[in-house]
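What the coordinates show
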Amino acid sequence: MAATKTRSSSFSRNISVASTPQIPGLKCGPNGTIFVSSGIPDLDKILGGGFPLGSLVMVMEDIEAPHHMLLLRNFMSQGLVHNQPLLYASPSSEPKSFLGTLPSPVLSKDDKSRDHDPEQEKGLRIAWQYRKYFGEHQQNMEGQRDGKPEYCTDFDLRKPLERRFLSGQRIECVSLAGSPSLDTFRDRCSTFLAQLPRYDGNLTSAGRIAVQSFYAPQCEYSNREWEILSFIRSLKSMVRYSNAVAVITFPPSLVSPSFSKRWQHLADTLLSVKAIPDEDKELANLLTGYNDMVGLLNVHKVAHFNTQVPVILEATTFSIKLKKRRSLVLECLNQAPIDGSSGTSYGTSGSCSGLSKTGILDF
């Protein structure tokens, strides 16, 4: 009897891309997408995991308040905590000084216990007995896993980043002030991204590019909109084929409306920040927790890679708050109750006409 031949198929599954990377600061998402954290846990949840690797993120600034700096600082600090290469560009003449304003990670309870006086712990004999059992588990749940930083970290905006995160890092700072052309900066970006090839068989590191106030008047090329548009296109192409994420902030009020729309179209993820007017009584009566708000964050576009299905968010506008005046928190806007009544807010009544008070649908 002839031996039965095994039928083989030419279809093979690419497991190398779908495997979870073993690198701190990276997380595997749906459809083989790999994310890097934005440095804000709430923003990562809103975007479905963070910023996709190889994406271009653009943040529209508000000239009345520097809220975009909060997003940029957390994004840069998150990369430095995970020992990721960083390229920072700013219209300032000394951009390296901005590194001193980056926030420091919030200490976990386990880390704070190390700062306690050992004399105070002599009486805690029971705690010493179970310290070896709780120490490792508590460390895994509150900031670290297997001795490595977690994917996303809470940062304390009141404390500067420690020097150990700034020393020995691959950090490049570029000043855009007085630059007549973007060719030099384009070459710096190309050289930086060349060190981070995309899917070369072994994903070893991921980089970050942070560009602050790209259309600032301090730059001589600020009136050359077509040149800036060409640079953004080339940067997006370079980032797409590298293990990096680029974040660019720009003031849309200084750009012509037509070019502003073109810039927004090139972004994979598009965000905007807005200041809240002081003592706005109408807005204070409309929204709950108005006094605790620092600003507003709008999500205009969410990057979707390896899929044709767009991301539809339940809400696109979020309030920016400071938890205990140190950690950045994003919350959905809640409408205040009518006439100071507690409980159900406006719009939750079952009446369609607004005349019925019994909750029964009245057509």
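Look up a bit, the structure's there.
The text that follows walks through the structure, step by step, so that each part is easy to find. Numbering of residues starts from 1 in each chain and follows the order in which that chain's sequence is written. The predicted origin of the model limits local features to residues at a pLDDT of at least 70 and limits the giving and counting of side-chain atom pairs to 80 or more, whereas totals for whole chains, interfaces and linings rest on all residues. In computing side-chain values, all of the structure's heavy atoms are included and hydrogens and water are not.

Regarding the overall build of the chain
Operational definition: Strands here are runs of E lasting at least two residues and helices are runs of H or I lasting at least four, both read from the DSSP assignment and numbered beginning at the N terminus. Note on contacts: a residue pair is in contact if any heavy atoms of the two residues lie within 4.5 Å. Surface accessibility in these figures is a Shrake-Rupley result with a 1.4 Å probe; residues are shielded only by whichever protein chains are displayed.
What the chain contains, in helices and strands, is 10 helices and 16 strands. When contacts within the chain are restricted to residue pairs at least 6 apart in sequence, long-range pairs at least 24 apart make up 74% of them. Per element, the accessible surface of the chain, about 21200 Å² overall, is 51% carbon and sulfur.

Considerations on unusual backbone geometry
Here is the rule: Using a 1.4 Å probe on the protein chains alone, a residue whose accessible area is under 20% of its type maximum counts as buried, one over 50% counts as exposed, and one in between counts as partly exposed.
With a phi close to 60 degrees, Asn31 is a non-glycine residue in the positive phi region. Residue placement: Asn31 occurs in the loop between strand S1 (26-28) and strand S2 (34-36). Residue Asn306 is not a glycine yet carries a positive backbone phi of 60 degrees. For Asn306, the location among the structural elements is in the loop between strand S14 (293-301) and strand S15 (317-323). The exposure class of Asn306 is exposed, given its relative accessible area of 57%.

Regarding the pattern of salt bridges
Going by this rule: Take a side-chain nitrogen of Lys or Arg and a carboxyl oxygen of Asp or Glu: if they are within 4 Å of each other, that pair is a salt bridge.
In this structure the tally under the stated criterion is 9 salt bridges. The partner of Asp268 in a salt bridge is Arg240, and the shortest N-O contact between them spans 3.0 Å. Of this pair, Asp268 sits in the loop between helix H9 (257-266) and strand S13 (269-275) while Arg240 sits in helix H8 (residues 225-240), and the two are 28 residues apart along the sequence. Because the salt bridges share partners, they merge into one network encompassing Asp156, Arg158 and Arg326.

A few points about the nonpolar core
Definition in use: Side-chain atoms within 4.5 Å are what join buried Ala, Val, Leu, Ile, Met, Phe, Trp, Tyr and Cys residues into a set we call a nonpolar core.
Judged by nonpolar contacts, the single largest core of 42 residues is most densely connected at Leu26, Leu43, Phe51, Leu53, Met76, Leu297 and Leu330. Among the elements that make up this core, the one with the highest residue count is helix H3 (residues 68-81) (8 residues). Core analysis: the next-biggest nonpolar cluster, separate from the first, contains 35 residues, Val174, Tyr215, Phe231 and Trp263 among them.

A few points about the environment of Tyr215
Note the threshold: A 3.5 Å cut-off defines polar contacts: any pair of N or O atoms within that distance qualifies, except that in protein one atom must be a possible hydrogen donor and the other a possible acceptor, and neighbouring residues in sequence count only when both atoms are side-chain atoms.
Along the polypeptide, Tyr215 turns up in the loop between strand S11 (207-211) and H8. Taking relative accessible area as the criterion, Tyr215 reaches 8% and is therefore assigned buried. When the C-alpha atoms of Tyr215 and Leu254 are compared, they prove to be 7.5 Å apart, with 39 residues separating the residues in sequence. If near-sequence neighbours (up to four positions away) are discounted, Tyr215 is found in contact with Ser222, Asn223, Glu225, Ile228, Pro251, Leu254, Val255 and Trp263. Separated by 3.3 Å, the side chains of Tyr215 and Glu225 make a polar contact.

Remarks on the sheet that holds S15
Put simply, the test is: Whether two strands pair depends on DSSP finding at least two bridges between them. A fitted line through C-alpha atoms serves as each axis, taken over the contacting stretch for helices, and the angle formed by two N-to-C directions is quoted from 0 to 180°.
The strand order S10-S5-S11-S12-S4-S13-S14-S15-S16 describes an open sheet built from 9 strands, whose pairing is mixed. Edge positions in the sheet fall to strand S10 (171-175) and strand S16 (327-332), since each of these pairs with one other strand and no more. Shown here is a sheet whose adjacent strand axes are inclined to one another by a mean of 20 degrees, direction ignored. Here 6 bridges tie S13 to S14, and the two strands are oriented antiparallel to one another. The residue bridging Leu271 from the neighbouring strand is Val299, located in S14. H3 rests against strand S4 (56-60), strand S5 (86-90), S10, S11, strand S12 (244-250), S13, S14 and S16 of the sheet, and its axis sits at about 155 degrees to S11. Sitting on the sheet, H9 touches S4, S12, S13 and S14, and the angle it makes with S4 is about 140 degrees.

Some points on the packing of H8 against H9
Rule in force here: Should an angle fall under 35 degrees it is taken as roughly parallel, and over 145 as roughly antiparallel, whereas 65 to 115 is taken as roughly perpendicular and any remaining angle as oblique. Ten residues, namely Ala, Val, Leu, Ile, Met, Phe, Trp, Tyr, Cys and Pro, are considered nonpolar, four, namely Asp, Glu, Lys and Arg, are considered charged, and the remaining ones, Gly among them, are considered polar.
Where H8 contacts H9, the two axes come as close as 10 Å, and the packing angle between them is 5 degrees. Between H8 and H9, the angle is such that the two are roughly parallel. The segment H8 lies against H9, with Glu225, Trp226, Ile228, Leu229, Ile232, Arg233 and Lys236 engaging Phe259, Arg262, Trp263 and Leu266. Grouping the constituent residues of the contact of H8 with H9 by class yields 7 nonpolar, no polar and 4 charged.

Looking at H8
We count it as follows: A helix is expected to reach a length of 1.5 Å times the quantity of its residues less one. Working definition: the arc comes from the directions between the helix axis and the C-beta atoms, pointing outward to the latter.
Its 16 residues place the ends of H8 23 Å apart at the C-alpha level, agreeing with the 22 Å of an ideal helix rising 1.5 Å per residue. Buried within H8 are the following residues: Glu225, Ile228, Leu229, Phe231, Ile232, Leu235, Lys236 and Val239. Down the axis of H8, the smallest arc covering the buried residues is 160 degrees, so these residues share one side. Buried-residue contacts for H8 involve S4, helix H7 (183-194), S11, S12 and H9.

Points about the packing of aromatic side chains
Stated formally: Classification of ring pairs uses Phe, Tyr and Trp, with its six-membered ring standing for Trp, and accepts pairs whose centres are within 6.5 Å; under 30 degrees between planes counts as stacked, over 60 as edge-to-face, and the remaining range as tilted.
By the definition in use, this model includes 7 aromatic pairs. With a centroid separation of 5.2 Å and an interplanar angle of 25 degrees, the aromatic rings of Phe185 and Phe231 are classed as stacked. Placement of the pair is Phe185 in helix H7 and Phe231 in helix H8, with a sequence separation of 46 residues. Take Phe185 and Phe231: they sit in the same class, and that class is buried. Among the aromatic residues, those joined into a ring-pair cluster are Phe185, Phe214 and Phe231.

Regarding the sheet that holds S1
Backbone hydrogen bonds hold the strands of a sheet together, and the pairing may be parallel or antiparallel. Pairing within the open sheet is antiparallel, and its 3 strands lie in the order S1-S2-S3. Two strands bound the open sheet, and with one partner strand each, they are S1 and strand S3 (51-52). Bridge count between S1 and S2: 3 bridges; the pairing is antiparallel. Paired with Leu26 across the bridge in S2 is Val36.

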